[in-house]
Each structure stands twice: as structure tokens, then as C-alpha cells.
Amino acid sequence: MKLVVVSAGLSVPSSTRLLADRLAAATGRYTSVDVQVVELRDLAVEIAHNFTSGFPGRALSAALEAVTEADGLIVVTPVFSASYSGLFKSFFDVLDQDALTGKPVLIAATGGSARHSLVLEHALRPLFAYLRAVVVPTAVYAASEDWGAEGLAERIDRAAGELGRLMEGLGSGAGAVRRADVADTAGAADKADASVVVDTDTAAAIAPRSLDGALASADRFTVIPFEQQLAALRP
């Protein structure tokens, strides 16, 4: 599975990148992942140009594609003015609004003081909930005094375990065929004379008995005229 790490650290070396790397390594102990790191500091100019032109540059386009196609995300930002950094927010502003739907995300942040730890709950978690991501329960905040101190390694391991298990759980059904809902499909069809393609396994479970003959095809999918479906549903 593909794990993408988004780091918004600005300095080199960066405590934000260090935390991102430790979270990625810990996740790899729970599930097999191919890790790709997206450093936002390298994309700052292209992100700004995207806002003014409406088109991403080559490097930004590759980063957006990597995030969209990832099986899981680790996102880490430094705390600026009691919130995520502007660069961090700008990257997710130019990302397609549906790109993170249903995607497991581990949120983390770094700061100079433990007093900013609630940024995870009042800023990052609402942001990714709005983007319809699946945010793991444990978020990780690392203040300056946390490095080398007791407790940080345990929080990293717990959060990484939650992300790894979530990626495994959601990934196990990734190859399954998404079955059609008869009502939704019928509503989208042209009501005059349209025909609807219905997954026979799903339709057999929910269709009235008058459709049994039409669903008895040897093929997995059967074309059922829309008018026939309406007739079967009438009392």
C-alpha cells in the first residue's frame, strides 16, 4: 500500500520532518507500505502560482496526484499563530475537494510549547473532517521538550498502529465491485424509455418476485427496462 507523508516544515533540519519520518517508520511496522514524502517547502512557489493562475506546476501536480492516489496519509505541520501553517493550509486548498474522501489520515504537529497541543483538535481535525477523510483517533503533538522525553514514542506508536490497521481494513475491500443501488440508478435514468444496468446479486436480494424471471440470467449483469422496474414496484 502507498503511504504519503505531507510535511510542512520550513527549516533544514526540521523537527516537523523528523516527526513525519518517525510516524512513517512506525506505521511500516504495522503494515507493509511504500512511503513517499511531499515536502511543501519545495512547492511553495508553485502553490502560490496555482492560486493566481488556476493551474498547478509539474512538481505540484505530481504531489497532488500522489496524495489523491495514496492509501493513507500522514500530515504534519508546525504551529504558527496557534494554528496550522499557511503553507500547509494552502496545499490542501488547491487539492481537489473530493481527493481525501474516505482516506485514512494521521494528523500531527510540532511547536515550541506544549500549550499549543490543542491545535490538533481545534484546527487540524476539523479541517480533515470537512474534507471527509477518516482521521485516526490518536493525534501526535511534539513540543520542543518532548524530544527525548518519555511519552512521545508511545504516542507515535499508538497513532501509527491505528493508521496501519485502518489502512489494512479499508484496503481489503478496495478491489471489490461497488454494487448498484436500484433506486439510485433508476432515479438517474431517463424516465421515458431508459434501460438500467443492475447488479443481479444486489437486485435479487431487494427486487420483488415479479422480477425473478428477468434476473435469472446467467450473466452477472442484466439490463432491466426502467418501465418494467416501475411496474414491479406498483401495488
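Details of the overall build of the chain
Across its full length, the chain carries nine helices and nine strands. Per-residue burial over the chain gives 44% buried out of 235 residues. Nonlocal contacts in the chain, meaning residues at least 24 apart in sequence, comprise 73% of its contacts between residues at least 6 apart. Carbon together with sulfur atoms contributes 53% to the accessible area of the chain, which is approximately 12200 Å² in total.

Some details on helix α4 (residues 86-94)
Of all the positions in α4, only L87, F88, S90, F91, F92 and V94 are classed as buried. Buried-residue contacts for α4 involve β1 (2-7), α2 (44-53), α3 (58-69), β3 (72-80), β4 (83-84) and α5 (119-130).

A closer look at the environment of L43
Along the chain, the position of L43 falls in the loop between β2 (34-39) and α2. Of the residues examined, L43 reaches a relative accessible area of 6% and is grouped as buried. Note: C-alpha distance between L43 and A59 (16 residues apart in sequence) is 7.1 Å. Among all residues touching L43, those that are not within four sequence positions of it are V38, A59, L60, A63 and F91.

Quick notes on the packing of aromatic side chains
Inspection of the entire model under this criterion finds five aromatic pairs. Ring centres of F92 and F128 lie 5.0 Å apart, and the angle between their planes is 80°; this geometry places the pair in the edge-to-face category. In this pair, F92 is assigned in helix α4 and F128 in helix α5, connecting sequence segments 36 residues apart. Taking relative accessible area as the criterion, F128 reaches 0% and is therefore assigned buried.

Overview of helix α1 (residues 15-27)
Spanning 13 residues, α1 covers 18 Å between terminal C-alpha atoms, matching the ideal 18 Å at 1.5 Å per step. Of the residues making up α1, those classed as buried are T16, L19, A20, L23, A24, A26 and T27. Within α1, the buried residues cover an arc of 165° as seen down the axis, which keeps them to one side. On the buried face of α1, the contacting elements are β1, β2, β3, β5 (104-111), β7 (140-143) and α6 (152-171). The residue sitting at the N-terminus of α1 and contributing the capping side-chain oxygen is S14; that oxygen lies 3.1 Å from the backbone nitrogen of T16.

As for unusual backbone geometry
Here V12 and P13 are connected by a cis peptide whose omega angle stands at 0°. By the element assignment, P13 lies in the loop between β1 and α1. A positive phi angle, near 50°, is found at S81, a position not held by glycine. Within the secondary structure, S81 is located in the loop between β3 and β4. A relative accessible area of 79% means that S81 is categorised as exposed.

Considerations on the pairing of β7
Taking every second residue as pointing to the same face, both faces of β7 are buried, with V140 and A142 on one and Y141 and A143 on the other. Bridge count for β5 against β7 is four bridges, and the pairing is parallel. Residue pairing for β7: G111 is matched across the bridge by A143.

Cut-offs and rules
- Residues numbered from 1 in each chain as written.
- Predicted model: local features only at pLDDT ≥ 70, side-chain atom pairs only at ≥ 80, totals over all residues.
- Heavy atoms only, no water.
- Helix = DSSP H or I, 4+ residues; strand = E, 2+ residues; numbered from the N terminus.
- Buried < 20%, exposed > 50% of the residue type's maximum accessible area, 1.4 Å probe, protein only.
- Contact = heavy atoms within 4.5 Å.
- Areas by Shrake-Rupley, 256 points an atom, 1.4 Å probe, with all protein chains shown as cover.
- Phe/Tyr/Trp six-rings, centres within 6.5 Å; stacked < 30°, edge-to-face > 60°.
- Expected span 1.5 Å × (residues − 1).
- Arc of directions from axis to C-beta.
- Polar contact = N/O pair within 3.5 Å; in protein donor to acceptor, adjacent residues only side chain to side chain.
- Pairing = 2+ DSSP bridges.

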